[in-house]
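Examination of the molecular architecture
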Amino acid sequence: MAPILEMKNIVKQFPGVLANDNVNLTVEKGSIHALMGENGAGKSTLMNILYGLYAPSSGQILFNGQEIQITSPKHAIEHGIGMVHQHFMLIPALSVIENVILGRPENKKVLDLKTDAEAFVALGARYSMKIDPYELIENLTVGQQQRVEILKSIYRGAELLILDEPTAVLTPQEVTELFKIMTQLKEEGKTIIFISHKLKEVLTICDTITVLRLGKSQPSVPSAGTTREELAEMMVGRKVFLNVDKGPYNPGESVLKMENVFTKGIHGALNDVSLDIRKGEILGIAGVDGNGQDALIESITGLDKVTQGHIFIKGNDMTNATPRQVLEQKVSHIPADRHKRGMVSTMSIKENMILISYYKEPYQKFGFLNWKFIEETSEEIVKRFKVKTPNIQELGGKLSGGNQQKMVLGRELSRDPDLCIAAHPVRGLDIGATEYVHECLVAERDKGNAVLLVSTELDEVLTLADRIAVMYEGRIMGILEKEEFDITRIGMMMAGQNQ
Amino acid sequence: MKQKKGLIIGIIVLVVLLAVGFFAPDNIKNTLASFIAQDLRIALPLAIAAAGLVYEQRSGILNLGAEGMMLTGALFTWIGTSLFGGNPWLGILVGMSSSLIMALLFGFLVITLRSNQTVIGISINILALGLTSTIYRVVQTMNITVNAFPSISDVLSKIPGIGAALTNEVPNGTELALTQIPVIGNFLTTIFSQNIMMYIGIVFIFFLNYVLFKTDLGLKVRAVGEYPKACDTTGINVFKIRYGAVLFSGLLTGFAGGLLVLDIKTFVENVTAGKGFIAVAAVIFGKYTPIGAFGASLVFGGAQAIQYLIQAVGLKAPSDLMNMIPYVVTVVALAGFIGKTHVPAALTVPYTKE
Ligand SMILES: Nc1ncnc2c1ncn2[C@@H]1O[C@H](COP(=O)(O)OP(=O)(O)OP(=O)(O)O)[C@@H](O)[C@H]1O
Ligand SMILES: [Mg+2]
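Computed from a predicted structure; not experimentally measured.

Reading guide: rules and limits
- Residues numbered from 1 in each chain as written.
- Chains lettered and ligands numbered in written order.
- Predicted model: local features only at pLDDT ≥ 70, side-chain atom pairs only at ≥ 80, totals over all residues.
- Heavy atoms only, no water.
- Helix = DSSP H or I, 4+ residues; strand = E, 2+ residues; numbered from the N terminus.
- Rg over C-alpha atoms; globule rule 2.2 N^0.38 Å.
- Buried < 20%, exposed > 50% of the residue type's maximum accessible area, 1.4 Å probe, protein only.
- Lys, Arg positive; Asp, Glu negative; His and termini not counted.
- Charge placed at Lys NZ, Arg CZ, Asp CG, Glu CD.
- Phe/Tyr/Trp six-rings, centres within 6.5 Å; stacked < 30°, edge-to-face > 60°.
- Donors = N, O, S within 2.8 Å, 3.2 Å for Na, K, Ca; no water.
- Pairing = 2+ DSSP bridges.
- Contact = heavy atoms within 4.5 Å.
- Axes fitted to C-alpha atoms, helices over the stretch in contact; angles between N-to-C directions.
- Buried area = accessible area lost by both parts, 1.4 Å probe.
- Salt bridge = Lys/Arg side-chain N within 4 Å of Asp/Glu carboxyl O.
- Polar contact = N/O pair within 3.5 Å; in protein donor to acceptor, adjacent residues only side chain to side chain.
- Domains from an automatic or database assignment.
- Nonpolar A, V, L, I, M, F, W, Y, C, P; charged D, E, K, R; others polar.
- Right-handed = clockwise from strand over helix to strand, strands pointing away.
- Patch = residues over 30% accessible without salt bridge, like charges linked within 9 Å, V, L, I, M, F, W, Y side chains within 5 Å.
- Areas by Shrake-Rupley, 256 points an atom, 1.4 Å probe, with all protein chains shown as cover.
- Near = heavy atom within 4 Å.

Looking at the overall build of chain B
- A count of helices and strands for chain B gives 15 helices and two strands.
- In terms of overall size, chain B behaves like a compact globule, its C-alpha atoms giving a radius of gyration of 21 Å where 354 residues would be expected to give roughly 20 Å.
- Here the C-alpha coordinates of chain B stretch approximately 70 × 55 × 50 Å along the principal axes.
- Within chain B, buried positions represent 50% of all 354 residues.
- Chain B carries 21 positive and 14 negative side-chain charges, and their two centres are separated by 9 Å.

What follows is the structure, given as structure tokens:
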């Protein structure tokens, strides 16, 4: 088969960052091609170049054997290249069908939404996707939005589809759905470039794998015959331990105690939740996304009102305390939505580092910020958590997705918490960083601190947690001790069944 | 759904008006009719300016310089009218060109140079106030005659064939044949006796509403003000759309300023007296739609027209207090409404490509 795409010697220089350094990528027609690499390795940059969003500093792109210049997404779309971005490019206030046809050159002056909506629904049906074309994007779940993005690209005639970390925000069920669609697209002769940090996914669904390391491309390998360990080593350049070592389990006194907590909830309600997390343990919260995990965290951190019940932190009644009061109990919070709750994109890294502590000494004195101290601590955190950035003056929003997460994590873990609340802490992180974060969380536990870990990745919860609470529709279905860990049993509880 | 609510309110208002027209005693009928006519006259410039501002804000640009652009348009309409021997059509074109230049400056600063929209908007107002006052002092000795736009009855009477049926000859011109309708004839005539621009303007506002929500261009404008980066990825030129919206809005604010001058047939310093800001308020109160902004303008216009109503019924109130009414209504309306409507997500956020 002839390659549909050849990218040759692509170089992209950002101010202070060489994001792509002579990258070569060849993609066969009708294949699913994985692009892997650590956070900041340059994957998104390379794909943005292919999609015409960034202009390469130098290099050549051949599409179907012919050299083409892609200076804007318009050209990319004309050539049949579609992209689903790491952060979705959908307009929440507009309807599905308005988003789908937005900016299409073939649109009539007076829109004919009805015809497009019918054609779009028919296209969705072909991939067993049911989508209401007149629903507003803001009312869709993340998984549904992603399906709209994929269909949108296909509707506009994409032959080559770029999926930038599509599975990072999906539940396991949604991932299965996505893979079905990808397989069907492949059978229809379409080509897919798939970016993911999850080794298992890549080895299941992809034909060929190209790894980027520090902006350079490594020779491609077929996924058949490659092992997870080999792949991990290619990415990080050293052996990676895919398992975590934990010290012995010696839980101490209670750090967080929830007694029959109810909330009305902005994001779903809590229904009679009781929990107890002790020193020196990791309590994992398992459950399908949207079953009250957000509400649980919001009630503890003072972001949502508790209507009934009590929350104690280290014995103090913190029911309906303000977020600052909670944080001052040495609670740290790694939020699920980092853009909304974890960081300010338009602020520099060093400013992001003090979002929680700016009012305390020695960060400030007499109301004046102590920049020297702030810069020193920021430098230290950036170094310790390997945030890839030219300097700490860089805006938070300019960091690659994974590095933004590391920045938030670094800030929260370096506050020396007694209780660490971590929601999807490795979302979007590469395996090297995932390993590091897992080590950090276990280190907190081994130091005798309490960790509340919320994750939709069952594997993650199973390896890290000492006890697992399963949530379903705002309730705790049960709390399992280590010896009771059993995938089928947890799976049934996640679906709301309890024997 | 949202638009249905507006429609229902509109229908209720119409029914009430007709009921008054049919059944109320003559003096109430006359007062109400002249109140409505007055309200429409005050509302039209506000609504035209607001319609342009709706497009501008929908594209992500907050133009607080509308007041200044309106003022510039007013002055140059006045000058232009005299240059063209009192012709209001050519005069208002001159006014629109002047505000277009202002808009071009504004657009260059906030779109290309990405300056802060609030700061630039306020600066435009200060610039315009100084500029118009200075130029006015130079030219005020000129002998300026301003003719108004022709009235609807004058225009209709000239239509061959049906003109005579639609209008009546009266001693000093024409009047609408509506007078012949029994019971509510006079009531309707008072309301509908407007100049031709009132009719053109209202049709235009409905047309703009249609364009914004039913056409490809309108969709692009709405999208650019929400998430410009996403628009970029679908191949839309964000800068082009934003410039287009700013310039178009500039034309309409100048036009609105011109209407003020043509209504009172002269220019005075600061003739706009905050109407540009009230137009910005009408955008918000009207939920960022041209028709909504028109409705809001009628509310604000009504607040001003009510002064005449109060005088007409012979109520004695200090004039300073009465002059406050429109501004108080604006503040109250906004206080009740702000935050309850969806504001374009990228409003006031400059766009950078990389
Ligand atoms: N617009 C930009 N301006 C400056 N630097 C940038 C910009 N976009 C990306 N970079 C830098 O380029 C490098 C590569 O970033 P890129 O987003 O391509 O990484 P990635 O491989 O997609 O990582 P991740 O897995 O975390 O998403 C990073 O160091 C990042 O900080
Ligand atoms: Mg990326």
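Following the structure, the description resumes.
Considering the packing of aromatic side chains
All names here are of chain B.
- Taken as a whole, this structure holds 15 aromatic pairs over all chains when the rule is applied.
- Taking 5.6 Å as the distance between ring centres and 50° as the angle between the ring planes, the aromatic pair formed by Trp 78 and Tyr 136 counts as tilted. One end of the pair, Trp 78, is in helix α3 (residues 66–83); the other, Tyr 136, is in helix α5 (residues 117–139), with 58 residues separating them in the sequence.
- Using a relative accessible area of 5% as the deciding quantity, one classes Trp 78 as buried.
- The interplanar angle of 55° and the centroid separation of 5.2 Å between the aromatic rings of Tyr 136 and Phe 267 together place this pair among those described as tilted. One end of the pair, Tyr 136, is in helix α5; the other, Phe 267, is in the loop between α12 (238–264) and α13 (275–285), with 131 residues separating them in the sequence. Across the pair, exposure class does not vary: Tyr 136 and Phe 267 are buried alike.

Points about helix α9 (residues 293–300) of chain A
Residue and element names in this part refer to chain A.
- With seven of its eight residues buried, α9 lies for the most part within the structure.
- Of the residues making up α9, those classed as buried are Gln 293, Ala 295, Leu 296, Ile 297, Glu 298, Ser 299 and Ile 300.
- Within two residues after α9, Gly 302 carries a phi angle of roughly 80°, on the positive side.

Some words on the coordination of the magnesium ion (ligand 2)
- Donor atoms from the polypeptide that coordinate the magnesium ion (ligand 2) comprise A:Ser44 (OG) and A:Gln86 (OE1), at 2.0 to 2.4 Å from the metal. Taken together, the positions of A:Ser44 in helix α1 (residues 43–50) and A:Gln86 in the loop between β6 (81–84) and α3 (96–101) put the pair 42 residues apart, joining distant regions of the chain.

Here we look at the sheet that holds strand β15 (residues 306–313) of chain A
All names here are of chain A.
- Taken in spatial order, the four strands of this open sheet run β13-β12-β15-β16, and their pairing is antiparallel. The open sheet has two edge strands with one neighbour each: β13 (273–278) and β16 (316–317).
- Pairing analysis gives five bridges linking strand β12 (residues 254–263) to β13, with the strands arranged antiparallel. Of the residues in β13, the one forming a bridge with Met 258 is Leu 275.
- This element, α9, spans β12, β13 and β15 of the sheet and lies at about 115° to β12.

Considering the interface of chain A and chain B
- The interface of chain A with chain B comprises 29 residues on the first partner and 20 residues on the second.
- Interface area, chain A with chain B, both sides summed: about 2000 Å², of which 64% is carbon and sulfur.
- The interface formed by chain A and chain B holds one salt bridge in total.
- In this structure, the connection of chain A to chain B is made through six residue pairs in polar contact (both at pLDDT 80 or more).
- When contributions to the side of chain A that touches chain B are tallied by element, the ones reaching two or more residues are β1 (3–14), α2 (73–79) and α3 of chain A.
- For the side of chain A that touches chain B, the element with the most residues is α2(A), which contributes three residues.

Thoughts on the domain arrangement of chain A
All names here are of chain A.
- In terms of domain boundaries, chain A breaks down into domain 1 (3–236) and domain 2 (253–495).
- Here the C-alpha centre of domain 2 lies 31 Å away from the C-alpha centre of domain 1.
- Interface area for domain 1 against domain 2, summed over the two sides, is near 1500 Å², with a carbon-plus-sulfur share of 54%.
- Joining domain 1 to domain 2, the criterion identifies two salt bridges.
- Counting across the interface, domain 1 meets domain 2 through seven residue pairs in polar contact (both at pLDDT 80 or more).
- Going through the elements one at a time, α6 (172–187), α7 (199–205) and α8 (228–236) are the ones with two or more residues in the side of domain 1 that touches domain 2.
- In terms of residue count, α8 provides more of the side of domain 1 that touches domain 2 than any other element does, three residues in total.
- Class assignment of the residues belonging to the side of domain 1 that touches domain 2 gives a composition of nine nonpolar, nine polar and four charged.

So, the pairing of strand β21 (residues 450–454) of chain A
All names here are of chain A.
- Burial runs high along β21: five of the five residues are buried.
- In terms of strand pairing, strand β14 (residues 282–286) meets β21 through four bridges, oriented parallel. Residue pairing across strands places Ile 282 opposite Val 451, the latter belonging to β21.
- Pairing analysis gives five bridges linking strand β20 (residues 419–423) to β21, with the strands arranged parallel. Within β21, the residue paired with Leu 419 across the bridge is Ala 450.
- On the question of chirality, the crossover connecting β20 to the parallel β21 by way of helix α15 (residues 431–446) is right-handed.

Some points on a nonpolar patch on the surface
Residue and element names in this part refer to chain B.
- Judged by side-chain polarity, Leu 83, Phe 84, Trp 89, Leu 90, Leu 93 and Ile 200 come together as a nonpolar surface patch covering roughly 580 Å² of accessible area.
- Counting residues per element, the nonpolar patch draws most heavily on helix α4 (residues 88–112), which supplies three residues.
- Topologically, Ile 200 is positioned in helix α9 (residues 196–214).
- Among the residues examined, Ile 200 registers a relative accessible area of 39% and is labelled partly exposed.

Some thoughts on the site of ligand 1
All names here are of chain A.
- Near ligand 1, the surroundings consist of 20 residues, among which Gly 40, Ser 44, Thr 45, Ser 400 and Gly 402 are the closest.
- In this structure, Asn 39 approaches ligand 1 through a side-chain N or O atom, which is 2.9 Å from an oxygen atom.
- Thr 45 places a polar side-chain atom, nitrogen or oxygen, 2.5 Å from an oxygen atom of ligand 1.
- Expressed as a share of its isolated accessible area of 640 Å², the protein-covered part of ligand 1 is 94%.

So, the sheet that holds strand β17 (residues 331–334) of chain A
Residue and element names in this part refer to chain A.
- With mixed pairing, six strands are arranged side by side in an open sheet as β17-β20-β21-β14-β22-β23. Edge positions in the open sheet fall to β17 and β23 (475–481), since each of these has one partner strand only. This sheet shows a mean twist of 15° between the axes of neighbouring strands, independent of strand direction.
- By the bridge criterion, four bridges tie β14 to strand β22 (residues 467–472) in an arrangement that is parallel. Each bridged residue has a counterpart across the sheet, and for Gly 284 the counterpart in β22 is Ile 468.

With respect to the pairing of strand β2 (residues 173–176) of chain B
All names here are of chain B.
- The pairing of strand β1 (residues 167–170) with β2 spans four bridges and is classified as antiparallel. Across the sheet, Thr 167 pairs through a bridge with Leu 176, a residue of β2.
- Hairpin connection of β1 to β2: two residues between the antiparallel strands.

Some thoughts on the side chain of B:Asp216
- Within the element layout of this structure, B:Asp216 appears in helix α10 (residues 216–224).
- Every residue in contact with B:Asp216, bar those within four places of it in the chain, is listed here: A:Arg104, A:Asn107, A:Lys108, A:Lys109 and A:Leu111.

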